Structures are given as C-alpha cells and as structure tokens.
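# Summary of the model geometry
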Amino acid sequence: MISIQLSDRVKNLPPYLFAAIDKMKQDALAKGVDLIDLSIGDPDIPTPKHIVDAMKKAVENPAYHRYPSYEGMLSYRKAVAEWYKKRFNVSLDPSNEVLSLIGSKEGIGHIPLAFVNPGDVVLVPSPGYPVYPVGTLFAGGESYFMPLKEENSFLPDFKAIPEAVLKKAKLMFVNYPNNPTSATASAEFYKDVVSIALRYNIIVCHDAAYSEVYYDNEKPVSFLEIEGAKEVGIEMHSLSKTYNMTGWRIGFAAGNKDILAGLGKIKSNLDSGVFQAVQEASIAALGTSDSVLSDIRKTYQERRDALYSGLKGIGLNAIKPKATFYLWTKVPSGFDSSSFVALLLDKAGILTTPGNGFGAPGEGYVRFALTVPVERIKEALERIKKVL
Ligand SMILES: *Cc1c(COP(=O)(O)O)cnc(C)c1O
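Let me sum up the structure you'll find in this document. (Residues numbered from 1 in each chain as written. Predicted model: local features only at pLDDT ≥ 70, side-chain atom pairs only at ≥ 80, totals over all residues. Heavy atoms only, no water.)

This part takes up the overall build of the protein. For the protein, the count of helices and strands is 15 helices and 13 strands. The C-alpha atoms of the protein give a radius of gyration of 21 Å, which matches the 21 Å a tight globule of 388 residues would have. Burial status across the protein gives 55% buried among its 388 residues. Entry remark: accessible area of the protein is about 17,200 Å², with carbon and sulfur atoms responsible for 53%. One finds the centroid of the 44 positive side-chain charges in the protein at a distance of 1 Å from the centroid of its 43 negative side-chain charges. (Helix = DSSP H or I, 4+ residues; strand = E, 2+ residues; numbered from the N terminus. Rg over C-alpha atoms; globule rule 2.2 N^0.38 Å. Buried < 20%, exposed > 50% of the residue type's maximum accessible area, 1.4 Å probe, protein only. Areas by Shrake-Rupley, 256 points an atom, 1.4 Å probe, with all protein chains shown as cover. Lys, Arg positive; Asp, Glu negative; His and termini not counted. Charge placed at Lys NZ, Arg CZ, Asp CG, Glu CD.)

Okay, here's the thing in structure tokens:
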C-alpha cells in the first residue's frame, strides 16, 4: 500500500460550501424531514421545450458525435455575437471575441491559470462565488478580498484597496447582478472598474451569470457596454440561469481577444470543448422568444414578491432583489449566520445558505434561493413564523 498524500493545493482548499450543505440536506432527508430547499441556485423550472427539441434533433447528427472545436462552433459563436448585439448593442467579432465554455464555472476556475503567476494578487469580491478564490489558489495566486458592504450598496470600495496590492494585482473578478447579495451595478461603477484596470494593468473578468434574471423590466447593463471595457476585460455568461440549463454545461466568454486567447490556451490543453449537439441546442436557446423568457421572469417575480413581503412581515430584514433569484437577508439579533441556518433546518425543515460561507463579510446574513414553487415559499414562511 502506498501512502496517498493530497497536494498542498488540495489540502489548502476550504470545504466546498455546497458540498457541506448537500450533506446537511441528505441527513435531514434521511430523518424523513419534509425539507424545503432554498439553499442552492439551481432552477427547478425545466429547460424550455424548443431547446430540448433542438437537442433531440442535434443528437442524431453524426457530425456532432466527434470532437468539437476548442473555441466552439462558429455558428454558436455567431449566435452569441447576435445575442450581444440585440441585448446590449455591443458588437463582437465571432471569430476571436467569443469563446465557448463548459459552463461559466469552468471559465472562472481556469482563467487564473492563464494570467496569474505564483505570488500574484487576484482581486476577489467577498462575499462571493467560491470559485474565484479557489481558481486563484490553484494557480498559486493570492486572493485579496474586496468586502461587499451593505453601506456601499454591495459594491467594492476601490479606494480602500492599498496601492501596493493594486500594483501586484493581475486579475480582478467582478460579478453583477451579484450572487449572493443580489446587488446590481450601474454603468458608472463599471467605468470605475475600467479606469482602475487601465491605471494598474489589471485584467477584468466580469461574471454576468445573472444578467437575464431581472425584475420589474429593469435590464442589467453589460460590462462590455462601457467604453474601454474591451481593452481590459472579458465577460462570462452562462446559459444555466437564463434558460434553466444548469445540467447542460454550457456558457461563453466574450470581449478582449488576447484575454480569450490566453484562456483558450489553458482550455485546449485541458478540455476538448462542448458537445456540439449542446451547442446546437444553445443556438436555439439564444433565440428564445421574449414571451418564453418573460414567463420565466414572471415565475421568479411572483416568488420574490411572496418571499420578500413574507419575510418583512415576520420582521426579517430581507433586501428586495432587482435581479438574481436570491434574497440576501440579515439574520435576526441573537443569531449569527450558522446558528440561524441551523435553527431553520432543525426547527423548520428549511435549508438555506449561511452568508459567511461566501466569505467573512457575509457573516450575519443568510441567502434564500427562489428555486421552489410559490406554495412551498408560503409554507416556508408559515414555518419560519412559528419558530421565531
Ligand atoms: C451559477 C453561477 C455560475 C456558474 O454557472 P455555470 O452553470 O457554470 O455556467 C457562475 N457564477 C455565478 C455567480 C453563479 O451563481
């Protein structure tokens, strides 16, 4: 028997937040709890039928059974460019300003390998999506956490970052509409991002996974709409949240061609692209009619309104999201993130995500995901009322 030793990079990993939550979920289910799972941002609504139909047809095509191209089919990249033009009025050259991803998580995890040397700094929002610091760790980089505070509308305060840190920074992750805080960003904010990036030579990776999950018809802006953005950065999108396609594993990155080429170098050595039938179905997804999308948004809006007003009614300080399907909520006094999540699970059979799991500045908050039907949200509210 050999001695099996994990590498330092794996030993240094924090426990993956959602793996720990899944364990809590399995334990509760094993005890027979009628669990209401408001923890993970995985849409419960099925993928729209026209996308599934396009997949059924595409899967029959033997040309798609072979290795895909690394950067994605040109037809897929063209569909992305057309979508960007229509949605954001941003022009992209499909030949070198669009790159397919196996979900945006893949692109986020890999981009530090392309640009970060050991000891380099990566600017990472906190609370934030756990893959930003983990991708940084795998590349040997050091995360500098930019706290997202309620008093700053959950935007990073660039003036609070020491000059020496900015000088060592190679890459900055930005994410709006934001997970977990549900905050959105204005064009003004993105202008600040561009000017910091130009001044300190920092590559910007904007994670726009939730750009299409918005409310009250207030469409989020794209980072790439900002003058100069394409000189400093890229934007990553996911089909997962927009089209209820989390299981399909497809996304894309768009923007600066040299940054995309660097990421592409990592990818071509590690993966072999996205199943072309999935890309074909994604072309159908990108062409989804406004009426289908507005039905999806209506469903989330109904849930958001029910949970937001319900939590307020119980006296919980929830923030009303303008986008994303999360409610970032202050825990009641006398609790911290972990003890409140434990109370909801043990006494009410409701699973939520502790805010501190997204980073220390998330302490004192809990995240509710709107990924169950409105009847279950109402049931959850009744149960919370009883335990408080
Ligand atoms: C869900 C999510 C992603 C990853 O989505 P993919 O399914 O990998 O495309 C990326 N960033 C944020 C902030 C997310 O919440």
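There's plenty left to go through after this.
With that settled, the discussion passes to the site of the ligand. Around the ligand there are 14 residues in total, and Asp207, Tyr210, Ser238, Ser240 and Lys241 lie nearest to it. Asn179 is positioned with one of its side-chain polar atoms (N or O) 2.9 Å from an oxygen atom of the ligand. Asp207 places a side-chain nitrogen or oxygen 2.6 Å from a nitrogen atom of the ligand. Bound to the protein, the ligand loses 94% of the 390 Å² it would expose on its own. Elements with a minimum of two residues in the shell around the ligand: α5 (104-115) and α10 (239-242). When residues in the shell around the ligand are grouped by element, the largest group, three residues, is from α5. Residues belonging to the shell around the ligand are distributed by class as follows: four nonpolar, six polar and four charged. (Near = heavy atom within 4 Å. Polar contact = N/O pair within 3.5 Å; in protein donor to acceptor, adjacent residues only side chain to side chain. Nonpolar A, V, L, I, M, F, W, Y, C, P; charged D, E, K, R; others polar.)

This paragraph deals with the side chain of Arg383. Position of Arg383 among the secondary structure elements: in helix α15 (residues 374-387). Given the relative accessible area of 14%, Arg383 is considered buried. A polar contact of 3.4 Å, which involves the side chain of Arg383, links it to the backbone oxygen of Gly349. Once you skip the residues sitting within four places of it in the chain, Arg383 turns out to touch Asp34, Ile36, Ala348, Gly349, Ile350 and Arg376. (Contact = heavy atoms within 4.5 Å.)

Below, the discussion takes up the pattern of salt bridges. Scanning the entire structure with this criterion turns up 20 salt bridges. Here Asp37 ties to Lys25 by a salt bridge, and the two come within 2.8 Å at their closest N and O atoms. Separated by twelve residues along the polypeptide, Asp37 in strand β1 (residues 36-37) and Lys25 in helix α2 (residues 17-30) bring together distant segments of the chain. With relative accessibility at 23%, the residue Lys25 sits in the partly exposed group. Among the salt bridges present, the one from Glu106 reaches Lys267, with a minimum N-O distance of 2.8 Å. Of this pair, Glu106 sits in helix α5 while Lys267 sits in helix α11 (residues 257-270), placing them 161 residues apart in sequence. Lys267 shares its class with Glu106; the two are buried. Salt bridges linked by common partners bring Asp34, Arg376, Glu379 and Arg383 together as one network. (Salt bridge = Lys/Arg side-chain N within 4 Å of Asp/Glu carboxyl O.)

Note that all results are geometric; they support no functional claim without further evidence.
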